[in-house]
Amino acid sequence: MAITNEDKKYLTLALGLAAKARGQTNPNPMVAAVVVKNGKVLGQGYHKKYKGPHAEVEAFKNCKENPKGATLYVTLEPCSHIWKNTPPCVPAIIAAGIKRVVCCTIDPNEKVSGRGIKQLKAAGIQVEVGVLQKEAQELNEAFFCFHQKQRPFVAIKFACSLDGRTATHSGDSKWITNEAAREFSRDLRGQYQAIIVGTNTVLKDDPHLGVRNKKYHDPLRVILDAELKIKINAQVYRDNNVLVFASPSHDLKKMKQLVQKGIEVVVLKQKQVPIKIILQELTKRKIISLFVEGGAELQGSFQDAKLADKFYIFYAPIIIGGKESLSAIGGKGTDKVSKALKLKNISIKHFGDNWMIEGVRI
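Please read all numbers here as calculations on a predicted model, not as lab measurements.

Draft legend 1. How the structure looks around the pairing of strand β1 (residues 32-37). Counting buried residues along β1, 5 of its 6 residues qualify, which places the element largely inside the surrounding structure. Between β1 and the antiparallel strand that follows it, strand β2 (residues 40-46), lie 2 residues; N38 among them carries a positive phi value of about 55°. With 4 bridges joining them, β1 and strand β3 (residues 71-74) adopt antiparallel strand pairing. When the bridges of β3 are listed, V36 appears paired with T71.

Draft legend 2. Quick peek at the sheet that holds strand β12 (residues 289-294). One open sheet accounts for 9 strands, arranged β11-β10-β9-β8-β12-β6-β13-β16-β15; its pairing is mixed. Of all the strands in the sheet, just β11 (264-267) and β15 (343-351) have a single pairing partner and so form its edges. Taking each pair of neighbouring strands and ignoring which way they run, the sheet shows an average axis angle of 20°. Bridge count for strand β9 (residues 220-224) against strand β10 (residues 242-246) is 4 bridges, and the pairing is parallel.

Draft legend 3. The arrangement of the pattern of salt bridges in detail. Summed over the entire model, instances satisfying the criterion amount to 22 salt bridges. Of the charged contacts, one joins E65 and K40 as a salt bridge, the two residues approaching to 2.6 Å between their closest N and O atoms. With a gap of 25 residues between them, E65 in the loop between α2 (55-61) and β3 and K40 in strand β2 connect regions that are remote in the sequence. According to the relative accessible area criterion, E65 is partly exposed, its value standing at 38%. The salt bridge partner of R238 is D218, with a shortest N-O separation of 3.2 Å. Taken together, the residues R238 in the loop between β9 and β10 and D218 in the loop between α8 (199-205) and β9 connect sequence positions 20 residues apart. Residue R238 is classed as partly exposed on the basis of its relative accessible area, which comes to 32%. Accessibility expressed as a relative area gives 32% for D218, which makes it partly exposed. One salt-bridge network, held together by shared partners, links K149, R151, D309 and R361.

Draft legend 4. Structural context of helix α7 (residues 179-189). Those residues of α7 that sit buried are A181, R182, S185, D187, L188 and R189. For α7, the elements touching its buried residues are β6 (153-160), β8 (194-198), β12, β13 (310-315), β15 and β16 (354-361).

Draft legend 5. Summary view of the environment of I320. Counting through the fold element by element, I320 comes out in the loop between β13 and β14 (326-327). Considered as a pair, I320 and L132 are 188 residues apart in the sequence and their alpha carbons are 44 Å apart. Those residues in contact with I320 that lie beyond four places of it in its chain are S161, D163, R165, A167, T168, I176 and S325.

Draft legend 6. Representation of the nonpolar core in the model. Of all hydrophobic cores here, the largest spans 56 residues; its most connected members are V35, I98, I223 and Y237. With sequence-adjacent residues up to four places away left out, V35 is seen in contact with K40, V41, L42, G43, A59, F60, C63, P67, A70, T71, L72 and I98. Membership of the second largest hydrophobic core comes to 28 residues, among which are L224, L243, L279 and A328.

Draft legend 7. Local environment of the environment of N140. Assignment of secondary structure puts N140 in the loop between α5 (133-139) and α6 (141-149). Using a relative accessible area of 6% as the deciding quantity, one classes N140 as buried. For the pair N140 and P29, spaced 111 residues apart in sequence, the C-alpha separation works out to 6.0 Å. The contacts of N140, once residues within four sequence positions are left out, are P29 and M30.

Reading the values: rules and limits
- Residues numbered from 1 in each chain as written.
- Predicted model: local features only at pLDDT ≥ 70, side-chain atom pairs only at ≥ 80, totals over all residues.
- Heavy atoms only, no water.
- Buried < 20%, exposed > 50% of the residue type's maximum accessible area, 1.4 Å probe, protein only.
- Helix = DSSP H or I, 4+ residues; strand = E, 2+ residues; numbered from the N terminus.
- Pairing = 2+ DSSP bridges.
- Axes fitted to C-alpha atoms, helices over the stretch in contact; angles between N-to-C directions.
- Salt bridge = Lys/Arg side-chain N within 4 Å of Asp/Glu carboxyl O.
- Contact = heavy atoms within 4.5 Å.
- Core = buried A, V, L, I, M, F, W, Y, C linked by side-chain atoms within 4.5 Å.

This is the structure:
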(Lines give C-alpha, C1' and ligand atoms only; values in the text may rest on other atoms or scores of the structure.)
Protein backbone atom coordinates (compact mmCIF):
# COMPACT_ATOMS: atom_id res chain seq x y z
CA MET A 1 0.00 0.00 0.00
CA ALA A 2 1.40 3.42 -0.98
CA ILE A 3 2.28 5.95 1.70
CA THR A 4 -0.18 8.85 1.74
CA ASN A 5 -0.16 12.43 2.97
CA GLU A 6 -2.51 11.22 5.72
CA ASP A 7 0.18 8.82 6.91
CA LYS A 8 2.69 11.66 7.12
CA LYS A 9 0.17 13.87 8.90
CA TYR A 10 -0.46 11.37 11.68
CA LEU A 11 3.20 10.51 12.11
CA THR A 12 4.00 14.23 12.33
CA LEU A 13 1.42 14.41 15.11
CA ALA A 14 3.06 11.43 16.81
CA LEU A 15 6.56 12.94 16.58
CA GLY A 16 5.28 16.09 18.26
CA LEU A 17 3.76 14.04 21.06
CA ALA A 18 6.94 12.02 21.55
CA ALA A 19 9.02 15.19 21.95
CA LYS A 20 6.93 16.18 24.98
CA ALA A 21 8.88 13.61 27.01
CA ARG A 22 12.30 15.06 26.18
CA GLY A 23 14.69 14.31 29.02
CA GLN A 24 12.21 12.05 30.83
CA THR A 25 12.68 8.65 29.19
CA ASN A 26 16.47 8.09 29.30
CA PRO A 27 17.87 5.56 28.56
CA ASN A 28 14.72 4.71 26.62
CA PRO A 29 13.77 6.57 23.42
CA MET A 30 10.96 9.10 23.08
CA VAL A 31 8.07 7.33 21.35
CA ALA A 32 4.46 8.19 20.56
CA ALA A 33 1.56 6.37 18.90
CA VAL A 34 -1.70 7.46 17.26
CA VAL A 35 -4.63 5.12 16.50
CA VAL A 36 -6.71 6.11 13.44
CA LYS A 37 -9.82 4.51 11.90
CA ASN A 38 -11.80 5.83 8.96
CA GLY A 39 -9.96 9.15 9.11
CA LYS A 40 -10.72 9.62 12.81
CA VAL A 41 -8.21 9.65 15.66
CA LEU A 42 -9.45 7.13 18.22
CA GLY A 43 -6.63 7.54 20.69
CA GLN A 44 -3.06 8.71 21.13
CA GLY A 45 -0.33 8.41 23.70
CA TYR A 46 3.38 8.69 24.35
CA HIS A 47 6.04 7.16 26.57
CA LYS A 48 6.10 9.72 29.36
CA LYS A 49 8.87 8.48 31.59
CA TYR A 50 11.40 5.70 32.08
CA LYS A 51 9.75 2.49 33.34
CA GLY A 52 6.33 3.99 32.54
CA PRO A 53 3.81 2.52 30.05
CA HIS A 54 4.93 2.52 26.43
CA ALA A 55 3.33 4.69 23.76
CA GLU A 56 1.22 1.96 22.16
CA VAL A 57 -0.27 0.93 25.51
CA GLU A 58 -1.06 4.57 26.34
CA ALA A 59 -2.71 5.07 22.93
CA PHE A 60 -4.93 1.99 23.33
CA LYS A 61 -5.88 3.05 26.86
CA ASN A 62 -6.99 6.43 25.52
CA CYS A 63 -9.05 5.04 22.61
CA LYS A 64 -12.61 6.34 22.52
CA GLU A 65 -13.76 3.40 20.39
CA ASN A 66 -12.73 -0.19 19.74
CA PRO A 67 -9.45 -0.01 17.75
CA LYS A 68 -10.11 -3.26 15.86
CA GLY A 69 -9.37 -2.73 12.16
CA ALA A 70 -7.61 0.61 12.79
CA THR A 71 -4.20 1.85 11.66
CA LEU A 72 -1.54 2.39 14.30
CA TYR A 73 0.99 5.17 13.65
CA VAL A 74 4.11 4.87 15.81
CA THR A 75 7.42 6.73 15.71
CA LEU A 76 9.61 3.70 16.43
CA GLU A 77 9.34 -0.02 15.75
CA PRO A 78 7.10 -1.61 18.42
CA CYS A 79 9.13 -3.57 20.97
CA SER A 80 8.96 -7.35 21.13
CA HIS A 81 11.58 -8.27 23.75
CA ILE A 82 10.76 -9.24 27.33
CA TRP A 83 14.13 -8.40 28.97
CA LYS A 84 12.99 -4.99 30.19
CA ASN A 85 10.84 -3.23 32.79
CA THR A 86 7.61 -3.12 30.77
CA PRO A 87 5.72 -5.77 28.75
CA PRO A 88 6.40 -5.97 24.98
CA CYS A 89 4.02 -3.94 22.79
CA VAL A 90 3.69 -6.29 19.82
CA PRO A 91 1.29 -8.70 21.63
CA ALA A 92 -0.87 -5.72 22.67
CA ILE A 93 -1.06 -4.51 19.04
CA ILE A 94 -2.08 -7.96 17.82
CA ALA A 95 -4.64 -8.36 20.63
CA ALA A 96 -6.18 -4.98 19.78
CA GLY A 97 -6.96 -6.16 16.26
CA ILE A 98 -4.89 -3.47 14.52
CA LYS A 99 -5.02 -3.93 10.73
CA ARG A 100 -2.08 -1.77 9.65
CA VAL A 101 1.02 -0.35 11.37
CA VAL A 102 2.97 2.60 9.96
CA CYS A 103 6.21 3.38 11.78
CA CYS A 104 9.00 5.83 11.15
CA THR A 105 12.04 3.67 11.68
CA ILE A 106 13.45 0.34 12.80
CA ASP A 107 14.65 0.22 16.41
CA PRO A 108 18.51 0.24 16.51
CA ASN A 109 18.51 -1.84 19.70
CA GLU A 110 19.71 -5.29 18.62
CA LYS A 111 17.22 -6.89 21.05
CA VAL A 112 14.39 -5.39 19.01
CA SER A 113 15.72 -4.47 15.56
CA GLY A 114 13.40 -5.98 12.96
CA ARG A 115 11.89 -8.53 15.33
CA GLY A 116 8.83 -6.46 16.14
CA ILE A 117 8.10 -5.88 12.46
CA LYS A 118 8.56 -9.57 11.71
CA GLN A 119 6.11 -10.62 14.44
CA LEU A 120 3.49 -8.11 13.29
CA LYS A 121 3.69 -9.36 9.70
CA ALA A 122 3.50 -12.97 10.89
CA ALA A 123 0.22 -12.05 12.60
CA GLY A 124 -1.18 -10.79 9.27
CA ILE A 125 -0.79 -7.09 10.02
CA GLN A 126 0.26 -4.84 7.16
CA VAL A 127 3.41 -2.91 8.11
CA GLU A 128 4.98 0.17 6.50
CA VAL A 129 8.40 1.39 7.67
CA GLY A 130 10.48 4.44 6.83
CA VAL A 131 7.97 7.31 6.81
CA LEU A 132 9.61 10.45 8.29
CA GLN A 133 12.57 8.28 9.22
CA LYS A 134 15.09 11.14 9.29
CA GLU A 135 12.92 13.19 11.64
CA ALA A 136 12.38 10.23 13.97
CA GLN A 137 16.07 9.40 14.17
CA GLU A 138 16.99 13.03 14.83
CA LEU A 139 14.45 13.15 17.65
CA ASN A 140 16.19 10.19 19.29
CA GLU A 141 19.73 11.00 18.15
CA ALA A 142 21.24 9.92 21.48
CA PHE A 143 19.39 6.59 21.52
CA PHE A 144 20.45 5.80 17.95
CA CYS A 145 24.07 6.79 18.61
CA PHE A 146 24.24 4.64 21.73
CA HIS A 147 22.97 1.50 20.02
CA GLN A 148 24.72 2.00 16.69
CA LYS A 149 28.12 3.18 17.98
CA GLN A 150 28.04 1.56 21.44
CA ARG A 151 28.84 4.82 23.19
CA PRO A 152 26.99 7.86 24.55
CA PHE A 153 25.97 10.71 22.26
CA VAL A 154 28.27 13.64 23.11
CA ALA A 155 27.15 17.28 23.03
CA ILE A 156 29.50 20.19 23.71
CA LYS A 157 28.22 23.49 25.06
CA PHE A 158 30.06 26.74 25.64
CA ALA A 159 29.33 30.45 25.84
CA CYS A 160 31.74 32.95 24.32
CA SER A 161 32.32 36.46 23.05
CA LEU A 162 32.24 37.34 19.36
CA ASP A 163 35.98 36.69 19.21
CA GLY A 164 35.55 33.18 20.66
CA ARG A 165 36.72 33.87 24.21
CA THR A 166 35.19 32.26 27.29
CA ALA A 167 37.04 34.31 29.91
CA THR A 168 39.36 37.30 30.25
CA HIS A 169 43.12 37.00 30.87
CA SER A 170 42.37 37.18 34.62
CA GLY A 171 39.96 34.26 34.37
CA ASP A 172 36.77 36.30 34.82
CA SER A 173 33.83 34.73 32.99
CA LYS A 174 30.68 35.82 34.87
CA TRP A 175 28.64 36.47 33.00
CA ILE A 176 29.29 36.40 29.26
CA THR A 177 25.71 35.61 28.23
CA ASN A 178 22.46 37.02 29.59
CA GLU A 179 20.09 35.36 32.06
CA ALA A 180 17.69 34.06 29.39
CA ALA A 181 20.53 32.29 27.58
CA ARG A 182 21.85 30.83 30.82
CA GLU A 183 18.42 29.58 31.82
CA PHE A 184 18.03 27.85 28.45
CA SER A 185 21.49 26.34 28.89
CA ARG A 186 20.50 24.92 32.27
CA ASP A 187 17.40 23.38 30.72
CA LEU A 188 19.59 21.76 28.07
CA ARG A 189 21.34 19.85 30.86
CA GLY A 190 18.05 18.17 31.71
CA GLN A 191 17.82 16.66 28.23
CA TYR A 192 21.04 14.73 28.78
CA GLN A 193 21.64 11.76 31.05
CA ALA A 194 25.04 12.91 32.26
CA ILE A 195 27.11 16.09 32.40
CA ILE A 196 30.91 16.19 32.56
CA VAL A 197 33.49 18.72 33.76
CA GLY A 198 37.16 18.66 34.72
CA THR A 199 38.96 19.52 37.95
CA ASN A 200 39.89 23.09 37.05
CA THR A 201 36.31 24.06 36.21
CA VAL A 202 35.10 22.90 39.62
CA LEU A 203 38.02 24.47 41.52
CA LYS A 204 37.57 27.80 39.75
CA ASP A 205 33.78 28.15 39.52
CA ASP A 206 32.31 25.69 42.05
CA PRO A 207 29.45 25.02 39.59
CA HIS A 208 26.11 23.52 40.57
CA LEU A 209 25.66 21.59 37.29
CA GLY A 210 21.99 21.05 38.05
CA VAL A 211 18.91 21.89 36.03
CA ARG A 212 16.97 23.90 38.66
CA ASN A 213 13.78 23.22 36.71
CA LYS A 214 11.30 20.69 38.12
CA LYS A 215 10.39 19.66 34.59
CA TYR A 216 13.73 17.85 34.24
CA HIS A 217 15.89 15.52 36.30
CA ASP A 218 19.42 16.56 37.24
CA PRO A 219 21.89 14.66 35.05
CA LEU A 220 24.53 12.41 36.55
CA ARG A 221 27.53 14.64 37.32
CA VAL A 222 30.69 13.10 35.90
CA ILE A 223 33.81 14.65 37.42
CA LEU A 224 37.34 14.14 36.08
CA ASP A 225 39.54 14.68 39.11
CA ALA A 226 42.71 12.60 38.69
CA GLU A 227 44.24 13.48 42.08
CA LEU A 228 40.94 14.16 43.90
CA LYS A 229 41.77 17.83 44.50
CA ILE A 230 38.15 19.01 44.68
CA LYS A 231 36.94 19.92 48.17
CA ILE A 232 34.37 17.60 49.69
CA ASN A 233 31.98 20.54 50.27
CA ALA A 234 31.93 21.54 46.58
CA GLN A 235 28.45 21.92 45.08
CA VAL A 236 29.02 18.99 42.73
CA TYR A 237 29.21 16.75 45.82
CA ARG A 238 25.93 17.98 47.33
CA ASP A 239 24.45 14.47 46.87
CA ASN A 240 25.60 11.13 45.48
CA ASN A 241 24.31 11.63 41.93
CA VAL A 242 27.98 11.74 40.94
CA LEU A 243 30.57 9.57 39.22
CA VAL A 244 34.22 10.53 39.75
CA PHE A 245 37.19 9.39 37.66
CA ALA A 246 40.55 9.35 39.42
CA SER A 247 44.10 8.21 38.69
CA PRO A 248 46.26 5.82 40.79
CA SER A 249 47.91 8.85 42.44
CA HIS A 250 44.67 10.10 44.00
CA ASP A 251 44.31 11.49 47.53
CA LEU A 252 43.45 8.49 49.73
CA LYS A 253 41.87 10.65 52.44
CA LYS A 254 39.57 12.31 49.90
CA MET A 255 38.68 8.91 48.46
CA LYS A 256 37.51 7.76 51.90
CA GLN A 257 35.38 10.92 52.31
CA LEU A 258 33.73 10.40 48.93
CA VAL A 259 32.97 6.76 49.63
CA GLN A 260 31.43 7.72 52.97
CA LYS A 261 29.09 10.07 51.09
CA GLY A 262 28.04 7.23 48.79
CA ILE A 263 29.82 8.70 45.77
CA GLU A 264 31.27 6.21 43.29
CA VAL A 265 34.90 6.71 42.28
CA VAL A 266 36.38 4.87 39.31
CA VAL A 267 40.16 4.58 39.68
CA LEU A 268 41.78 4.14 36.29
CA LYS A 269 45.22 2.77 35.50
CA GLN A 270 46.31 5.89 33.62
CA LYS A 271 47.52 9.14 35.17
CA GLN A 272 45.61 11.09 32.53
CA VAL A 273 41.99 10.04 32.08
CA PRO A 274 41.44 9.02 28.42
CA ILE A 275 38.18 10.16 26.82
CA LYS A 276 37.51 6.77 25.23
CA ILE A 277 37.86 5.01 28.58
CA ILE A 278 35.37 7.44 30.12
CA LEU A 279 32.84 6.72 27.38
CA GLN A 280 33.36 2.98 27.80
CA GLU A 281 32.63 3.26 31.52
CA LEU A 282 29.51 5.35 30.86
CA THR A 283 28.35 2.85 28.24
CA LYS A 284 28.54 0.06 30.84
CA ARG A 285 26.19 2.12 32.97
CA LYS A 286 23.73 2.61 30.07
CA ILE A 287 24.35 6.36 29.90
CA ILE A 288 23.17 7.20 26.38
CA SER A 289 23.99 10.92 26.32
CA LEU A 290 26.71 13.18 27.72
CA PHE A 291 26.72 16.98 28.02
CA VAL A 292 30.24 18.44 28.01
CA GLU A 293 30.27 21.77 29.80
CA GLY A 294 33.83 22.57 30.76
CA GLY A 295 36.52 23.45 30.30
CA ALA A 296 38.35 24.22 27.09
CA GLU A 297 40.87 21.37 27.29
CA LEU A 298 38.20 18.79 28.07
CA GLN A 299 36.08 20.00 25.18
CA GLY A 300 39.12 20.02 22.93
CA SER A 301 39.89 16.43 23.91
CA PHE A 302 36.49 15.28 22.69
CA GLN A 303 36.90 17.21 19.45
CA ASP A 304 40.44 15.93 18.84
CA ALA A 305 39.20 12.36 19.38
CA LYS A 306 36.35 12.99 16.90
CA LEU A 307 33.86 12.08 19.62
CA ALA A 308 31.87 15.32 19.67
CA ASP A 309 28.50 14.75 17.99
CA LYS A 310 26.71 18.04 18.61
CA PHE A 311 27.49 21.63 19.56
CA TYR A 312 25.51 24.32 21.39
CA ILE A 313 27.44 27.57 21.02
CA PHE A 314 26.13 30.66 22.81
CA TYR A 315 27.31 34.10 21.68
CA ALA A 316 27.13 37.49 23.36
CA PRO A 317 27.76 40.78 21.47
CA ILE A 318 31.01 41.53 23.28
CA ILE A 319 34.68 41.39 22.32
CA ILE A 320 37.15 40.36 25.03
CA GLY A 321 40.42 40.34 23.11
CA GLY A 322 43.88 39.68 24.49
CA LYS A 323 46.19 36.80 23.65
CA GLU A 324 46.11 35.60 27.26
CA SER A 325 42.31 35.38 27.42
CA LEU A 326 40.77 31.90 27.27
CA SER A 327 39.65 30.26 24.03
CA ALA A 328 36.45 28.24 23.88
CA ILE A 329 38.05 25.03 22.59
CA GLY A 330 41.48 23.75 23.60
CA GLY A 331 43.29 20.59 22.60
CA LYS A 332 45.49 20.14 19.55
CA GLY A 333 43.00 21.42 16.99
CA THR A 334 43.59 21.05 13.26
CA ASP A 335 46.56 22.03 11.14
CA LYS A 336 44.48 23.01 8.10
CA VAL A 337 41.22 24.91 7.72
CA SER A 338 40.12 22.31 5.18
CA LYS A 339 40.29 19.69 7.93
CA ALA A 340 38.31 21.71 10.46
CA LEU A 341 35.30 20.09 12.08
CA LYS A 342 32.18 20.99 10.09
CA LEU A 343 28.61 21.22 11.32
CA LYS A 344 25.28 20.58 9.59
CA ASN A 345 21.59 20.89 10.47
CA ILE A 346 22.28 24.39 11.75
CA SER A 347 19.64 26.23 13.74
CA ILE A 348 19.81 29.61 15.48
CA LYS A 349 17.90 30.68 18.57
CA HIS A 350 17.84 34.24 19.95
CA PHE A 351 17.77 35.37 23.58
CA GLY A 352 17.45 39.13 23.25
CA ASP A 353 20.84 40.31 21.95
CA ASN A 354 22.39 36.88 22.65
CA TRP A 355 22.00 33.86 20.39
CA MET A 356 22.81 30.18 20.17
CA ILE A 357 24.00 28.18 17.17
CA GLU A 358 23.12 24.48 17.29
CA GLY A 359 24.57 21.95 14.88
CA VAL A 360 25.67 18.33 14.53
CA ARG A 361 29.00 17.08 13.28
CA ILE A 362 29.18 16.07 9.62
